Amino acid sequence: MCLLKTVKMQAAVVLTALAITGCSSTTAPSATEIKIVEKAVMPTPPAALMVAPVRPNAPQDGKTATLLEHAAEFGGYVAELENQNAAWREWVDNHLSKVGD
């Protein structure tokens, strides 16, 4: 077990020495041209897209009228989510088309 540790330590020392030697032996600058790329700026989305629709509370009891009322409220909530999702996609598509120009 001790011999294995010694061999691993020697290998680590040798690899480190080779890496240091290889890095320090190169004196010429890199021939690769350095390109500067501008950082993309994300435009601010409309405030209406940042407000999440309010999810309706769960029904208090299992009565038919209560469940139907909750179903109608939840359907309205889902419709709001779908509209907001469509508005996000439209907003992104508009901004992506401007980036491509």
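Residues numbered from 1 in each chain as written. Predicted model: local features only at pLDDT ≥ 70, side-chain atom pairs only at ≥ 80, totals over all residues. Heavy atoms only, no water.

A word on the overall build of the protein chain. Looking only at helices and strands, the protein chain features three helices and zero strands. Seen in sequence order, the protein chain has helices and strands lined up from the N terminus as α-α-α. Burial analysis of the protein chain (101 residues in total) assigns 7% to the buried set. Contacts in the protein chain between residues at least 24 apart in sequence constitute 59% of all its contacts with a sequence separation of at least 6. (Helix = DSSP H or I, 4+ residues; strand = E, 2+ residues; numbered from the N terminus. Buried < 20%, exposed > 50% of the residue type's maximum accessible area, 1.4 Å probe, protein only. Contact = heavy atoms within 4.5 Å.)

Along the polypeptide, His70 turns up in helix α3 (residues 64–100). Once residues lying within four places of it in the same chain are set aside, the contact partners of His70 are Pro56, Asn57, Ala58 and Pro59.

Turning our eyes to something else, we now look at the packing of aromatic side chains. Within the structure shown, the criterion is met by two aromatic pairs. Measuring from ring centre to ring centre gives 5.5 Å for Phe74 and Tyr77, while their planes differ by 50°; the resulting arrangement is tilted. Residue Phe74 and its partner Tyr77 are located together in helix α3, separated by three residues, close to a single helical turn. Judged by relative accessible area, which is 12%, Tyr77 ranks as buried. (Phe/Tyr/Trp six-rings, centres within 6.5 Å; stacked < 30°, edge-to-face > 60°.)

On to the confidence of the model for the protein chain, then. Residue-level pLDDT values for the protein chain average 84, and 83% of them are 70 or greater. Mean pLDDT values for the elements of the protein chain range from 72 in helix α1 (residues 2–24) up to 91 in α3. (pLDDT = per-residue confidence, 0-100.)

The next point concerns the environment of Gln84. For Gln84, the location among the structural elements is in helix α3. What makes Gln84 buried here is its relative accessible area of 15%. Taking the C-alpha atoms as reference points, Gln84 and Ala52, separated by 32 residues in sequence, lie 8.4 Å from one another. A polar side-chain atom of Gln84 sits 3.0 Å from the main-chain carbonyl oxygen of Leu49. (Polar contact = N/O pair within 3.5 Å; in protein donor to acceptor, adjacent residues only side chain to side chain.)

In this section: a nonpolar patch on the surface. A grouping of Val14, Leu15 and Leu18 is seen on the molecular surface, where their side chains present a nonpolar patch of about 310 Å² in accessible area. Here Val14 shows up in helix α1. Judged by relative accessible area, which is 48%, Val14 ranks as partly exposed. (Patch = residues over 30% accessible without salt bridge, like charges linked within 9 Å, V, L, I, M, F, W, Y side chains within 5 Å. Areas by Shrake-Rupley, 256 points an atom, 1.4 Å probe, with all protein chains shown as cover. Salt bridge = Lys/Arg side-chain N within 4 Å of Asp/Glu carboxyl O.)

With that settled, consider the side chain of Gln84. From its side chain, Gln84 meets the backbone oxygen of Val51 in a polar contact 2.7 Å long. In this structure, Gln84 is in contact with Ala48, Leu49, Met50, Val51, Ala52 and Pro53, ignoring residues within four places of it in sequence.

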